[in-house]
Structure formats: C-alpha cells, structure tokens
Amino acid sequence: MLMAALLSALSLYGCSHRNYVKADLPDTQTTEGREITAVSDSSVIEVQNESESTQSLSTDPKSGVATSIYVYKNDKVTIEYPVLTQSADESKLEAVNNLLKDNALEIIKTYSVDPSKDSLTVSADIISADRNRISVAYTGMFSADGAAHPANVYYTSVIDLKTARNIRLTDYVDPKLLAEYVLSDQCKFYNTSSELNEALMNARSDMDKETYTKIFQNADFSSEQREKGTAEFPESFSYEDQGVIIVSIPVAHALGDFALIEYTPETK
C-alpha cells in the first residue's frame, strides 16, 4: 500500500511541481509585467568550437539588464544557461557570465558525466534579473549509462551583479531556524499536490535537525570554496523571489529526488 501511494504521489508530482519539468517558452511571454521574447528554434545558431547555441531573451529592460539563453551541447549532454548581454555594471559583465556558465556546467564534473554514454538534459529558468542580482533555477534529467532509472536534477545559481560572486542561503537565512521549520508542522512544500505533500511531510523525519542544519549551512554554490579548491556540489539550493525563499531538500527517488520548501518571513 505504501509503495502504491508513493508511486501515485510521484505521478502527481510530475504534473503539478513547478520546477519538475520546464514548459517550453512561447515566442513572447509576459511574466509579472516583464516581457520575455525567445526566437524560434529555426533561428538558433550553433557555435562549433564551443558546441553552444543561443536564443535571444530580454529580461527586465527597465533595470538596464538583458540576457540571452545559451545551450551547451556535447553529444548526449544539453544544458541551458543564461548570459548577461547588458548590465548596470558593465565592468562585472565578463566575470558574472563566467560564473553563470561555471555554475550551470558544474553538474557535469560532479556527476562524472560521459557525454557519449550518459544522458543529461538541463533547462534554465531565470527567476529574476535586476541591477543587483540574477537568480536562475535549473531542472532536468540525468540518466547514467546502465542505470535502472533516470534521476531528477535541480539546482540554482544566484549571483550578486555588483561583486560577481555567488549569493548563498546563509547570506539571509539561519540554517538552524530553517531546519527547525522544515521539521515543524508549519513546513510548507512549494506547489505540490495534496497527496505528494502528505508523503513529503511524512518523509521529513528521515533526517534530523542536525542533518538539515548541516545541509543548509552548505547550500548553494560558494565562490569562497571554489577559490580554495574545496567546492562540492551542494545537497540543497535556494533562491529568493519577492520575499519568498524557495529551498530544495533531497528526498527519496520515489518522491522525485528533490522537494522544494517555501519559507517566508511569516513562518520564520
């Protein structure tokens, strides 16, 4: 009975979870007053040396920030990532773009992906981009050669445009308080069905407060760790959107491999 419930929850998860599968962008899309324009597939330009293609994407023009979505391609590996084409601080443009690309492609090294055998497809969703920061959520699927099932992939990249450095969860959240919240009755999962929500609430106790605290302390890409050569792929990623903090936690494959927690000032 339990396995049937988990499988049922997983099927609902694929239909209702906002970041589980990224919907295709229409030619023109308006989101929160922001117009996003994407060129058609026939206009995508292949860059032979880099194995990358690009499509135009305009983001928040009032702030002086504009981006494009690039597509890194290498055999069975396809990863989208944003590139700033205009910024309020042009002096940081190259450094920010290098960091955006490095963060997006970090998963290739972490998963030891063999492009000729393993399949990896990742889509980039620009959550927000203004004169202060850019926030990107990545979702996709990884299927290792010979693996019984593909794994759902989720990570984020939040960069301070003034310093060209990664912004982390610990920059604005106390990991201990967040761990307490996750284990409390007030914990709210982000955009899930009632069936999946119940299964996730029950699964939280698989880890204790100390484990969650450590995971949140090490959440998100770290510029400092990368400079020291000690960077590891985090188990948790986050971004902030209009005062709401979205944080991922690892869960069992039957529940989708990751789940997103919604954390607002009212629930701190």
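About the cut-offs
Residues numbered from 1 in each chain as written. Predicted model: local features only at pLDDT ≥ 70, side-chain atom pairs only at ≥ 80, totals over all residues. Heavy atoms only, no water. Helix = DSSP H or I, 4+ residues; strand = E, 2+ residues; numbered from the N terminus. Buried < 20%, exposed > 50% of the residue type's maximum accessible area, 1.4 Å probe, protein only. Contact = heavy atoms within 4.5 Å. Pairing = 2+ DSSP bridges. Salt bridge = Lys/Arg side-chain N within 4 Å of Asp/Glu carboxyl O. pLDDT = per-residue confidence, 0-100.

> Sorry, what's going on with the environment of Ser238 here?
By the element assignment, Ser238 lies in strand E12 (residues 238-241). A relative accessible area of 0% means that Ser238 is categorised as buried. Beyond its immediate sequence surroundings of up to four residues, Ser238 is in contact with Thr156, Val158, Leu169, Tyr172, Asp220, Ile246 and Val247.

> When you look at the pairing of strand E8 (residues 133-143) in this model, what are you seeing that I'm missing?
Look at any regular strand and the pattern is simple: side chains alternate between the two faces of the sheet. The buried fraction of E8 is high, at eight of 11 residues. Where strand E7 (residues 119-129) meets E8, 10 bridges bridge the pair, whose relative direction is antiparallel. Bridging across to E8, Ile126 finds its partner in Val136. In sequence, E7 turns back onto E8 through a hairpin of three residues. Of the pairings in the sheet, the one linking E8 to strand E9 (residues 151-160) comprises 10 bridges and is antiparallel in character. Bridging across to E9, Gly140 finds its partner in Val153.

> What's the story with the pattern of salt bridges in this structure? I'm lost.
Once their charged atoms are close, side chains differing in charge can pair, the charge on each being opposite to the other. A complete count under the given rule lists six salt bridges for this structure. Between Lys109 and Glu106 there is a salt bridge, with its nearest N and O atoms 3.5 Å apart. Here the residue Lys109 and the residue Glu106 both occupy positions in helix H2 (residues 93-110), the gap between them amounting to three residues, near one helical turn. Look at Lys109 and you get exposed, because its relative accessible area is 62%. Residues Glu262 and Lys188 are paired through a salt bridge, measuring 3.9 Å at the closest nitrogen-oxygen approach. On the criterion of sequence distance, the pair formed by Glu262 in strand E14 (residues 258-263) and Lys188 in strand E11 (residues 188-189) is long-range, its members being 74 residues apart. Take Lys188: its relative accessible area is 47%, and that puts it in the partly exposed class. Salt bridges sharing common partners tie together Glu106, Lys109 and Arg226.

> Where do I start with the confidence of the model for the protein in this structure?
As a general rule, the predicted coordinates of low-pLDDT regions are not to be interpreted in detail. Mean pLDDT over the protein: 81, with 76% of residues reaching 70 or higher. Here strand E2 (residues 34-37) stands out as the element of the protein with the lowest mean pLDDT, 33, in contrast to strand E10 (residues 165-166), whose mean of 98 is the highest. Of the regions scoring below 50 in pLDDT, residues 1-50 engages in 86 contacts with residues more than four places distant in sequence or in other chains.

> Can you walk me through the environment of Gly146 in this structure?
When you line up the elements, Gly146 lands in the loop between E8 and E9. As a C-alpha pair, Gly146 and Lys117 span 29 residues in sequence and 9.0 Å in three-dimensional space.

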